[in-house]
Amino acid sequence: MSSFVGNVYDKDDNEIDCKFTFFHYNTNKQSDEKETDDKQFTVDSDDADINDGGASFADGDIAILHFYTDNACSVVKVVGDGSDSYTFDVQLLECQAPYTTIIVNDGTINNNITATCISSDEYQWDYNDITHYHKANWYGKTFCDIRIDKIEYDFGDGYDEKDSYSFDDVDDYDVSVRVTNKCDLQTEDTKTIRVNYNKPLVSISTDNENPIINEDITLSIDNDDVDDTIVSQTYYLDDNEVDELTFNFSKLGTYVFKVVTKWNDSQDDLKFTTTSNIVIINQIPTLDLQYTKYDDNRYIFDANAKDAEDDLVSVKYSIFVEVSSIFETNSRWQLLDTLVIKDDEFLADITFYVSATFKITASAKDGQGGESVVDEVEITTSSNSTASSNDVVYKIVPVCKFEVNLIEDIPTATSYDHFKANLIEEVPSANFVEDKLKGEMQL
């Protein structure tokens, strides 16, 4: 069993009586409330029923002794060293003024400035080489009844409990906090802040959200300068100073536009930069595939391709034929040929020589690599001829690059089981003659 003995003194070193409790942290056991006897406290480990009674206060154990009167409080911590007895004196101090520090930042006119504070009614002191604490919560227990009853702020027109204020004029101002505890003791703290003009807001807008090559784009600078603080503004495009706000770009890319704003906050000339990226996009070509039918199953296909930047390079046509076989449930499209046309009209002149269903697709490409979506049409041709292995299925005139022949005997002109396309000749190496009746080029 370990005992704790000592005398209790006030701030003038006079012995006093008080109440106290003993708390053993290691077992979380606490004694009942006790009273000093002739200004002296005595408590032992049995009073807190440590380890179910009788055990000594072990080396390294922690005990918290709480001493108090109606207007004073003190907490002492004892760390065990294996002794059977611990003797020390305790001092009780009456309520002390709280601690506080104001926290408030510089602000701008006509905007609320909010203050706060860090406050505490806890403190510590040494008496006869023993550290004493005025502490509310410690080691999971509640000790001294500490409470800050009131926090008030003064922004220049007297204390009240409002923690924010709006100033009308630029100037230096003192902002104070006053903290009052339950003993009606007060502490104040003051900080000087600067109230300046509001920083202007600058934004950049455009009349064209998706500009393309060789198309004008005009920017607008919108200034929200409530305090009339802007001194000057300078414009830059890719770090080169410019005077105009209308631009026209001949190349794709991202161009950086900046506004450097110089303004005065009432004390200093300051600068800030507002940035906007101008992204010149490539608008892909559009097309609307149409065709015109002439006699003898001759068709002229027109993709009606257009490019907003007037940079159309080519139109690609692909020719498919519908085929089926006894081994397939559904018919499928067999690619016969693909041709790329680069002339000014981008037309395809195609004559079909057998009965079948064909699908023609078209897509357009511009000089920036942009490619349109694919459009397509289907046509069904008819022919009185009897197809054989040497029949020409179709011929492209005059921009064809290949002829395609059937390479298997076909019972009827509408049957395409096991259909295959055979490349037989490349147009640039062929000889052309003019058909005077139809005015078209034929092999």
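Parameters and conventions
- Per chain, residue numbering runs from 1 following the sequence as it is written.
- A pLDDT threshold of at least 70 governs which residues receive local features in this predicted model, and a stricter bar of 80 or more applies before side-chain atom pairs are shown or counted, although totals over entire chains, interfaces and linings include all residues.
- Working from all heavy atoms in the structure, the side-chain values ignore hydrogens and water.
- To qualify as a nonpolar core, a set must consist of buried Ala, Val, Leu, Ile, Met, Phe, Trp, Tyr and Cys residues joined through side-chain atoms within 4.5 Å.
- Accessible area is worked out with a 1.4 Å probe on protein chains only. A residue is then buried under 20% of its type maximum, exposed over 50%, and partly exposed in between.
- Secondary structure elements follow DSSP: runs of H or I of four or more residues count as helices, runs of E of two or more count as strands, with numbering from the N terminus.
- Contacts are residue-level and defined by heavy atoms, with any inter-residue pair within 4.5 Å sufficient.
- Centres within 6.5 Å are what make two rings of Phe, Tyr or Trp a pair, Trp counting through its six-membered ring; a difference in plane orientation under 30 degrees is then read as stacked, over 60 as edge-to-face, and the rest as tilted.
- Salt bridges are counted wherever a side-chain nitrogen of Lys or Arg sits within 4 Å of a carboxyl oxygen of Asp or Glu.
- Being paired, for any two strands, means DSSP has found at least two bridges between them.
- To get an axis, a line is fitted to the C-alpha atoms, and for a helix only the part in contact is used. The angle between two axes follows their N-to-C directions and goes from 0 to 180 degrees.

1. Side note on the nonpolar core
Thought 1: Residues F301, V315, Y317, I319, F352, F358 and I360 are the most contacted members of the largest nonpolar core, which totals 25 residues.
Thought 2: Every element with two or more residues in this core is listed here: β32 (298–302), β33 (312–323), β34 (332–341), β35 (347–352), β36 (356–366) and β37 (375–381).
Thought 3: Those residues in contact with F301 that lie beyond four places of it in its chain are L289, Q290, Y291, Y317, F346, L347, A348, I350, F352, I360, V377 and I379.

2. Let's talk about the packing of aromatic side chains
Thought 1: Overall, the coordinates contain 23 aromatic pairs when judged by the stated rule.
Thought 2: Both rings, one in F352 and one in F358, keep their centres 4.3 Å apart while their planes meet at 40°; by these two values the pair is tilted.
Thought 3: You can call F352 buried: its relative accessible area is 1%.
Thought 4: Residue classification places F358 among the buried positions, given a relative accessible area of 0%.

3. Quick notes on the pattern of salt bridges
Thought 1: Going through the model one piece at a time under the given rule, you end up with 11 salt bridges.
Thought 2: The salt bridge involving E33 is made with K19; its shortest N-O contact spans 4.0 Å. Pair noted here: E33 is in the loop between β3 (29–30) and β4 (34–35) and K19 is in strand β2 (residues 19–24), with a separation of 14 residues, a long-range link.
Thought 3: Salt-bridge contacts for D145 lead to R147; the nearest nitrogen and oxygen are separated by 3.9 Å.
Thought 4: The structure contains a network of salt bridges with shared partners spanning D145, R147, D149 and K182.

4. Brief notes about the environment of F301
Thought 1: By the element assignment, F301 lies in strand β32.
Thought 2: For the pair formed by F301 and D349, sequence separation is 48 residues and the distance between their alpha carbons is 6.4 Å.

5. Quick word on the sheet that holds strand β26 (residues 230–237)
Strands belonging to one sheet form pairs held by backbone hydrogen bonds; the direction of such a pair is parallel or antiparallel.
Thought 1: Strand order across the open sheet formed by four strands is β27-β26-β29-β30, with antiparallel pairing between neighbours. Two strands in the sheet have a free side with no partner beyond their single neighbour: β27 (240–242) and β30 (269–280). Pairs of neighbouring strands in the sheet enclose a mean axial angle of 30°, with direction left out of account.

Read these as layout, nothing more, since geometry by itself doesn't imply function.
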